Amino acid sequence: MGILDDEFRAALDALGRDSLRRHLREIGSAHAPRIEADGRQFIMLSSNNYLGLAAHPALKRAAADAIDRYGVGAGASRLIAGSLAPLHELEARIARLKRVEAALVFGSGYLANIGAITAVAGPGDVIFSDELNHASLIDGCRLSKAAIQIYRHRDVDHLAALLRESHDARRRLIVTDSVFSMDGDCAPLAEIVDLARRHRAAVMIDEAHAIGVVGPGGAGLAAKLGLEKEIDIHAGTLSKALGAYGAYIAGSSPLVDFLINRARSFIFSTGLPPAMAAAASAALNLIESDPTLIERLWDNAEYLRGELIAAGFTIAPTQTPIIPVMIGASYAAINMSAGLLERGIYVIAIRPPTVPEGTARLRVTPTAAHTRADLDEAVMAFTAAGRGLGLIS
Ligand code: PLP
């Protein structure tokens, strides 16, 4: 028995009492519209596999080919053991898609965000951060030792006021998700860019939930708004719509060279496995060659959202395929999730600290690969579970 085990147990019990304890659920199949867990089938509506590419034959083939040629592991940090060709191919592709000079692949979105923020900002600087930013951005801000000013969600007036108060800062960096992961709404990028120009601040956006989903060819929200050149640091993941794993930071060549020299999560971490880079490149090929892929995702989300609203659920004002079904109390969200699981629908409750207190929800995410029959079955289960718990009439 470990010396801290009693304290761990007490902390876990306290989480359980507040309906905040988390558990892993083993699944025994690939990520697809229907998955298998505990010997049963479920319709999966809880993943970020937006385009249904995580088990697509083209990605599997690309990964297998890369393993045949380059092996499995990257050997060491890219600066030490050399930098495998599939990563360079992917970086060139991402830079083209984002219409910027260069890109750099990281081991994950979490690593990319903390690496970029801590490289760019430090003591004497001020970071302006949306209150609903992803934890990896928040942790990057905290690790940087810069002063942090948190502005109210999407509130550009509040951001402007905070920028005005910080004129003695060495550097100013505005950091925001472009698509907010738990609400599905979008950052007011045009206004943010305008404020940044007036206050000589740099802008970093995290397009984790926008790449492959929003904008021309899935290039993201900045591309949709024609603001690619106005954003200093573009972050995004390979692990959601692109169906693989890893992440990137894209922007100017000096930025990328600087990160190669200064981003500690890049320098002191083993390179991304080449199979993941090859799979992400294959995903970008598919997105380019089949524009209906993204259309199918949006059609499915529109349909499911409409049906859930018609059934009486409250959906937060999303602007993307993320559908937040608002419940409120954590225990109620857990009960609803359990009711859905019982009926063969895999949707997990999202509770604090992932979302603010009192806003527990079911984050429902259909993919391009779901059929209308999958979605209709899910709506029937939502209706039965919601009525059973008195959440809808
Ligand atoms: N940024 C956002 C907005 C996210 O939702 C996530 C989710 O995982 C990440 C970053 C982290 O990416 P990764 O899963 O690749 O670490």
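The notes below deal with the structure included here. (Residues numbered from 1 in each chain as written. Predicted model: local features only at pLDDT ≥ 70, side-chain atom pairs only at ≥ 80, totals over all residues. Heavy atoms only, no water.)

Observations regarding the packing of helix α4 (residues 85-98) against helix α12 (residues 274-289)
Spelled out, the test is: Axes here refer to lines fitted to C-alpha atoms; in helices the fit is confined to the stretch in contact. Angles between the N-to-C directions go from 0 to 180 degrees. Strands here are runs of E lasting at least two residues and helices are runs of H or I lasting at least four, both read from the DSSP assignment and numbered beginning at the N terminus. Note on convention: the crossing is left-handed when the near helix lies turned anticlockwise from the far helix by less than a right angle, right-handed when the turn is clockwise. Here a residue-residue contact requires only that any non-hydrogen atoms of the pair lie within 4.5 Å. In this classification, the charged set is Asp, Glu, Lys and Arg, the nonpolar set is Ala, Val, Leu, Ile, Met, Phe, Trp, Tyr, Cys and Pro, and all remaining amino acids, among them Gly, are polar.
Between α4 and α12, whose axes approach to 8 Å, the crossing angle comes to 35 degrees. The crossing of α4 and α12 is left-handed. Contacts between α4 and α12 involve P86, L87, L90, R93, I94 and L97 from the first element and P274, A277, A278, A280, S281, L284, N285 and E288 from the second. For the contact of α4 with α12, a count of residues per class yields 10 nonpolar, two polar and two charged.

Structural notes on the pattern of salt bridges
It is possible for side chains of opposite charge to pair when their charged atoms get near one another. We apply this condition: A pair is scored as a salt bridge if a Lys or Arg side-chain nitrogen falls within 4 Å of a carboxyl oxygen belonging to Asp or Glu. Burial here depends on accessible area, computed with a 1.4 Å probe over protein chains only, as a share of the maximum for the residue type. Under 20% is buried, over 50% is exposed, and the range in between is partly exposed.
Counted according to the given criterion, the structure contains 14 salt bridges. The partner of R34 in a salt bridge is D374, and the shortest N-O contact between them spans 2.8 Å. Residue R34 is located in strand β1 (residues 34-37), and its partner D374 is located in helix α15 (residues 372-388); the two are separated by 340 residues in the primary sequence. Taking the shortest distance from any N to any O, the salt bridge between R152 and D155 comes out at 3.2 Å. When its relative accessible area of 45% is taken as the criterion, R152 is described as partly exposed. Three or more residues are tied together by salt bridges with common partners; here these are R34, D374 and E377.

Looking at the sheet that holds strand β7 (residues 202-206)
Applied cut-off: By definition, two strands form a pair when at least two bridges between them are found by DSSP.
Spatial ordering of the open sheet is given by β3-β9-β8-β7-β6-β4-β5, a layout of seven strands whose pairing is mixed. This sheet does not close on itself; its edge strands, each paired only once, are β3 (102-106) and β5 (147-151). Geometrically, the sheet is characterised by an average inter-axis angle of 20 degrees between neighbouring strands, direction not taken into account. With four bridges connecting them, strand β4 (residues 126-130) and strand β6 (residues 172-177) associate as parallel partners. Bridge pairing in β6 links F128 to I174. Each of β4, β5 and β6 is contacted by helix α7 (residues 156-164), which is oriented at about 155 degrees to β5, the strand it contacts most.

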